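Fold and geometry: a report
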Amino acid sequence: MESNNPLLVMNKIYSGYGEVKVLKGVSVDIFDKSITCIFGPNGAGKSTLLKTIFGIVPVETGTILCNGKNITNLNPMTILEMGISFVPQGRCNFPNMTVLENLEMGGFTIKRGTIEREIDDVFAKFPILCQKRKDLAGNLSGGQQQILEMAMSLILKPKILLIDEPTLGLAPNLVNDVFETIINVNDQGTTVLIVEQNAKKVLEISDFAFVLDLGKNWMHGTAKEISENPKVKLHYLGL
Amino acid sequence: MKAIKENKYSIFLIIGVLLLVSILPLLVNLPFVLHVLISTLMYIGFALSYDIVTGQIGAVSLAHASFFGLGAYVTALIGKAIGAPFWLNIIIATILSIGLAIVMSLPAFRLSDLSFSFATLGLALTVQLVVKNWVKITRGPMCIHNVSNSSLWFNGILEISRTNLIAYFYLFLMVDIVIIILYRLISTGRLGRTLTAVRNDEVLASSVGINIQRYKRLTFFISAGIAGAIGSLWAPYISVVCPDYLSMDYTLNLLAIVFIGGSGSLLGVVGGSILLTVWPELLRVTPAFRLIIYGLFLLIFVTSIPNGVKGIISNVNKRLKIN
Amino acid sequence: MEIFLQYLIAGITNGATYALVALGLTLLVGVARLVNFAHGDFFMLGGYLLVFLFVDKEIPYLLSIVITLIVMLILGLLFERIVVHPTINKTWREQLVATLATSIILSNVAILFWGTTPRLAPTKLSLTILRLGPITISSHRFVVFFVAVISFIALSFFTKNTKIGKAMRAASQNRDACLIYGINVNFVSLVTVTISTMMSGLAGVIITPLYNVSPTVGSVMTLKALTSVVMGGLGNTTGAIISAFILGIVEALFSGYVSSQYQDVASFVIMILILVFRPHGMFGKKVGI
Ligand SMILES: Nc1ncnc2c1ncn2[C@@H]1O[C@H](COP(=O)(O)OP(=O)(O)OP(=O)(O)O)[C@@H](O)[C@H]1O
Ligand SMILES: [Mg+2]
């Protein structure tokens, strides 16, 4: 699984929202076909980190490389074309459109003709979506909507999937569904970068972990190392 | 806010300039020049009365011309009926305009932002429609002609006639000085400080027990009253009163003056009035052409200045900064 | 009873016109989050272009309509580029000032070209009066109703079956999400504004054989369209159409039984009542088009 050249590199990134500086020199490496998780306290800048990669939040200094190519401050459209998809925190679907239409919107940038095939692929992977294809997205349960949003992002067959707090506000049994989906996605060859509050669960499925605090790296390592770290145990795992 | 503080001495500057201007009629006594001066003075007062609402409570009222028009009609009608002295006309016009403002405020101040603007537009069109269709009283689209001259006392004693433009000039000049002082008091006095607090943080202001609605309404009434008074002075000067006086066109003139000059700033509004009144009068352009130019100005300002109207305000203030 | 039916028919056709205008506005509100004060002025221009082409230049009616629609399309594109696009991320105040400025420019350009005298463009059909028992009705009213209904169906088909139409709905339901999936909101907004402008212009074209057009009719129409949009719930297309018909009928009855001069006041009163008491519309909440 591990190779020496990371697929995505963030090098000493400073970014934020105008006057509000959030990331203060964060560095993250993501290896091909791995699951990497990020956690940390509220307001640490986890969402900002994903948004920075996706080009929504501008980088002040530092570089982001994908496959050796500099992708710093490219616009989201270009990032998407480079093979990076993003499932942001909060609802990200079109509630008054059907599941099928939502998937079509997920594949908006795909040329006509191939989209049907991609949607069939998605339906094969997520039978629940096939079953509910004619339902309005807004009428699905929270967990189903989360899965729909991941599916919408996967239509483009991204190399890297960025996911922000997919289990926020979900019932415990649905949380497992979502994690299982992420494992499946990763098994199909997609590199995953996931931000998650539930450190215990996410460490179980991850290969690598980064812990952020106040916009800086606090700790990083393999998921195993991090889950055995006494400080992490104290602050995040409740042990 | 900043815009207001920056112009601490602007009131003295403006009144000083006005006093300088006041000797002008003694030097050039040409009717045309005097007309341009009088129109400009009228618009300064009118625009300041409008900016009391836009600049102080941040609401964009589209009904301001209604008060001006009401004042003008009331004066014209009183003139036809009994011929009251100008100060009595002003008082009646002011009271009735405030009355109209009170009626309008009942629905309008239950709304905010865009809804407020829409409601005031609907109310303004309603008032205009009434004036247009109430032919028995207002003569509707035929207008009221030959509005009687103002006189300082009953029955033409000490008459300010249209042939005596200089008298009109000084009348408007005095009225402007009064309005400037009022504007100043409102923006820096108790009312102004309260409104600033409200603008800066409405939640905080209401939590310390400020009755926001009451202050906003009060400001709206004062603004309407002044507009009515100006209409009352303008009618005998221009001698004809038409339903157009209540139209959106007048409000748009004001909107252009206030937004291009700089809302919330005395100097900005006065400067805007001069800038946007003098040239159309000098070039004698048609009202339609004038409004097209204003529209284009507004559009260019709003779409191409980075921070929109707020940016213009601070830009203008920076440029005009005196202290 | 006959007289009631007569008013009702007038109300339904006027409502159909309002519905066309309101539908354009609700698209704009839904997709671009922009309340366009110049919307009714495109209606006014549509009417004047018809008068100019059909009455003054004696170009056949259908051809006049086509030319007018092409002009509206170009105006829509220009309006999006010059006014909507630069203010899309600004506050309501800038949008208000910008669209109000557009409104004043358009109505005064109309004054420069055509003066202030109201104009009418009577056609053979509008002069053909049908008698259905005691009711008399201009046959053009059927044209109005027919064109409006065809337009609703066409728009509905467009937003349900084309990629860009679906993207319009997507943008109105969750604008931020569009960024995530690479939906070109810029292009969507351009298409929406153009369609919206064309619908308003089309309404002007089809009603001018029956009613006078004048330079000031624009802001009145904007208010009526907005009343329908607010009544229907912002961005709710079906709600806007139903509300526009209600407005048209109420107005026609008011005009018939109470006062025709104050007909517009009826709709302004409705607007203010709705704004104050039902700011989220009559039909409950629904996001987007
Ligand atoms: N759009 C924004 N504009 C200004 N500041 C913002 C914006 N979004 C977030 N912030 C600020 O940036 C900081 C980091 O926010 P971010 O959303 O990245 O945190 P997070 O680690 O994802 O927290 P959470 O666990 O609550 O999701 C916070 O202090 C927040 O207030
Ligand atoms: Mg977050």
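Given the structure is predicted, the values throughout are model-derived calculations rather than measurements. (Residues numbered from 1 in each chain as written. Chains lettered and ligands numbered in written order. Predicted model: local features only at pLDDT ≥ 70, side-chain atom pairs only at ≥ 80, totals over all residues. Heavy atoms only, no water.)

The helix and strand inventory of chain A stands at ten helices and ten strands. Since a compact globule built from 239 residues should have a radius of gyration of about 18 Å, the 17 Å found for chain A is in line with a globular shape. In terms of overall dimensions, chain A has a C-alpha envelope of 45 × 40 × 35 Å along the principal axes. Relative to its 239 residues, chain A shows a buried fraction of 51%. Considering only contacts in chain A between residues 6 or more positions apart, those separated by 24 or more positions represent 66%. Of the side chains in chain A, 23 bear a positive and 25 a negative charge, and the two mean positions are spaced by 3 Å. (Helix = DSSP H or I, 4+ residues; strand = E, 2+ residues; numbered from the N terminus. Rg over C-alpha atoms; globule rule 2.2 N^0.38 Å. Buried < 20%, exposed > 50% of the residue type's maximum accessible area, 1.4 Å probe, protein only. Contact = heavy atoms within 4.5 Å. Lys, Arg positive; Asp, Glu negative; His and termini not counted. Charge placed at Lys NZ, Arg CZ, Asp CG, Glu CD.)

Right, let's get into unusual backbone geometry. Peptide bonds are trans in most cases, and residues, glycine excluded, mostly fall at negative phi. The backbone of Ser239 of chain B shows a phi angle near 70°, a positive value even though the residue is not glycine. Of note, Ser239 of chain B is situated in the loop between α12 (212-238) and α13 (248-261). Positive phi, close to 55°, is recorded for Glu58 of chain C, a residue that is not glycine. Counting through the fold element by element, Glu58 of chain C comes out in the loop between α2 (39-56) and α3 (61-87).

Attention now goes to the packing of aromatic side chains. Going through the model one piece at a time under the given rule, you end up with 30 aromatic pairs over all chains. Seen in terms of ring centroids, Phe46 of chain B and Tyr250 of chain B are 6.5 Å apart; in terms of plane orientation they differ by 50°. Their pairing is tilted. Of this pair, Phe46 of chain B sits in helix α4 (residues 31-57) while Tyr250 of chain B sits in helix α13; the two residues are 204 residues apart in sequence, bridging distant segments of the chain. Residue Tyr250 of chain B is classed as buried on the basis of its relative accessible area of 17%. Between Phe118 of chain B and Phe37 of chain C, the ring centres sit 4.3 Å apart and the planes meet at 25°, which makes this aromatic pair stacked. One end of the pair, Phe118 of chain B, is in helix α7 (residues 113-133); the other, Phe37 of chain C, is in the loop between α1 (2-32) and α2, on a second chain. Accessibility classification places Phe118 of chain B together with Phe37 of chain C in one group, the buried group. Here the basic side chain of Arg214 of chain B rests over the ring of Tyr215 of chain B, its NZ or CZ set 5.9 Å away from the ring centre. (Phe/Tyr/Trp six-rings, centres within 6.5 Å; stacked < 30°, edge-to-face > 60°. Lys NZ or Arg CZ within 6 Å of the ring centre and 35° of its normal.)

Take the nonpolar core next. In terms of nonpolar packing, the biggest core is built from 269 residues, with Leu49, Phe94, Leu103 and Ile182 of chain A together with Ile183 of chain C touching the most fellow members. Here this core takes 14 residues from α4 of chain B, the largest share from any one element. Those residues within four positions of Leu49 of chain A in sequence are excluded, and the remaining contacts are Met10, Leu23, Val26, Val28, Ile38, Leu193 and Leu212 of chain A. (Core = buried A, V, L, I, M, F, W, Y, C linked by side-chain atoms within 4.5 Å.)

All names here are of chain A. Only Ser47 (OG) and Gln89 (OE1) from the protein reach the magnesium ion (ligand 2) as donors, at distances of 1.9 to 2.2 Å. Of this pair, Ser47 sits in helix α1 (residues 46-54) while Gln89 sits in the loop between β6 (84-87) and α3 (99-106), and the two are 42 residues apart along the sequence. Here Ser47 falls in the buried class, since its relative accessible area comes to 17%. (Donors = N, O, S within 2.8 Å, 3.2 Å for Na, K, Ca; no water.)

Moving on: the sheet that holds strand β9 (residues 208-213) of chain A. All names here are of chain A. An order of β6-β7-β8-β3-β9-β10 is seen for the six strands of this open sheet, with the pairing classed as mixed. Two strands lie at the open edges of the sheet, namely β6 and β10 (216-222), each paired on one side alone. Sheet twist, expressed as the mean angle between neighbouring strand axes with direction ignored, is 15°. Packing of helix α6 (residues 142-154) onto the sheet brings it into contact with β6 and β7 (160-164), and relative to β6 it is tilted by some 165°. (Pairing = 2+ DSSP bridges. Axes fitted to C-alpha atoms, helices over the stretch in contact; angles between N-to-C directions.)

So, on to the interface of chain B and chain C. Contacts between the two partners involve 43 residues from chain B, matched on the other side by 36 residues from chain C. Carbon and sulfur atoms make up 81% of the area that chain B and chain C hide from each other, which totals about 3,400 Å². When the area that chain B buries against chain C is broken down by residue, the three leading residues are Leu114, Phe118 and Leu299 of chain B, summing to 18%. Counting the contacts that link chain B with chain C gives zero salt bridges. Where chain B touches chain C, the interface holds three residue pairs in polar contact (both at pLDDT 80 or more). Mapped onto the side of chain B that touches chain C, the elements with two or more residues apiece are α7, α13, α15 (287-304) and α16 (308-320) of chain B. In terms of residue count, α7 of chain B provides more of the side of chain B that touches chain C than any other element does, 14 residues in total. Considered class by class, the residues forming the side of chain B that touches chain C number 28 nonpolar, eleven polar and four charged. (Buried area = accessible area lost by both parts, 1.4 Å probe. Salt bridge = Lys/Arg side-chain N within 4 Å of Asp/Glu carboxyl O. Polar contact = N/O pair within 3.5 Å; in protein donor to acceptor, adjacent residues only side chain to side chain. Nonpolar A, V, L, I, M, F, W, Y, C, P; charged D, E, K, R; others polar.)

Time to look at the interface of chain C and chain A. Contact with chain C, which involves 18 residues of that partner, is made by 25 residues of chain A. Run the count over chain C and chain A and you get two salt bridges. Where Glu104 of chain A meets Lys166 of chain C, a salt bridge forms, and the shortest distance between an N and an O atom there is 2.4 Å. One can count seven residue pairs in polar contact (both at pLDDT 80 or more) joining chain C with chain A. Every element with two or more residues in the side of chain C that touches chain A is listed here: α7 (163-173) and α8 (175-180) of chain C. Looking at which element gives the most residues to the side of chain C that touches chain A, the answer is α7 of chain C, with six residues. Here the side of chain C that touches chain A is built from residues that sort into nine nonpolar, four polar and five charged.

Turning our attention to the confidence of the model for chain C. The pLDDT averaged across chain C works out to 90; a share of 98% of its residues lies at or above 70. Of the two predicted TM-score estimates for the complex, the pTM is 0.88 and the ipTM is 0.87. (pLDDT = per-residue confidence, 0-100.)

Here the focus is the state of the cysteines. Per the stated rule, a full pass over the model turns up one disulfide over all chains. Here Cys143 of chain B pairs with Cys242 of chain B through a disulfide, and the sulfurs are 2.0 Å apart. One disulfide, between Cys143 of chain B and Cys242 of chain B, carries an S-S torsion of 110° and so falls in the right-handed class. A residue pair is termed long-range when its members are at least 10 positions apart, and Cys143 of chain B in the loop between α8 (135-138) and β1 (150-151) and Cys242 of chain B in the loop between α12 and α13 qualify at 99 residues. Each member of the pair, Cys143 of chain B together with Cys242 of chain B, is buried. Here Cys66 of chain A is not disulfide-linked; the sulfur of Cys37 of chain A is the nearest cysteine sulfur, at 20 Å. (Disulfide = S-S within 2.5 Å.)

With twelve residues, helix α2 (residues 10-21) of chain B ought to run about 16 Å at 1.5 Å a step, and its terminal C-alpha atoms sit 16 Å apart, in line with that. Its buried side turned inward, α2 of chain B meets α4, α9 (165-188) and α14 (266-283) of chain B. (Expected span 1.5 Å × (residues − 1).)

Moving on to the sheet that holds strand β4 (residues 59-66) of chain A. Residues and elements named next belong to chain A. Read from one edge of the open sheet, four strands run β2-β1-β4-β5, paired in antiparallel fashion. The open sheet has two edge strands with one neighbour each: β2 (20-30) and β5 (69-70). Of the strand pairs in this sheet, β4 and β5 are connected by two bridges, and their pairing is antiparallel. Its bridge partner being in β5, Cys66 is matched across the sheet by Lys69.

So, about the site of ligand 1. Residues and elements named next belong to chain A. Close contacts around ligand 1 come from 13 residues, with Gly43, Gly45, Lys46, Ser47 and Thr48 the closest. In the environment of ligand 1, an oxygen atom lies 2.9 Å from a nitrogen or oxygen atom belonging to the side chain of Asn42. Note that an oxygen atom of ligand 1 is positioned 3.2 Å from one of the backbone N or O atoms of Ala44. Mapped by element, the contributors of at least two residues to the shell around ligand 1 are β2 and α1. Examining the composition of the shell around ligand 1, we find that three residues originate from one element, α1, more than from any other. Counted by class, the shell around ligand 1 contains four nonpolar, seven polar and two charged residues. (Near = heavy atom within 4 Å.)

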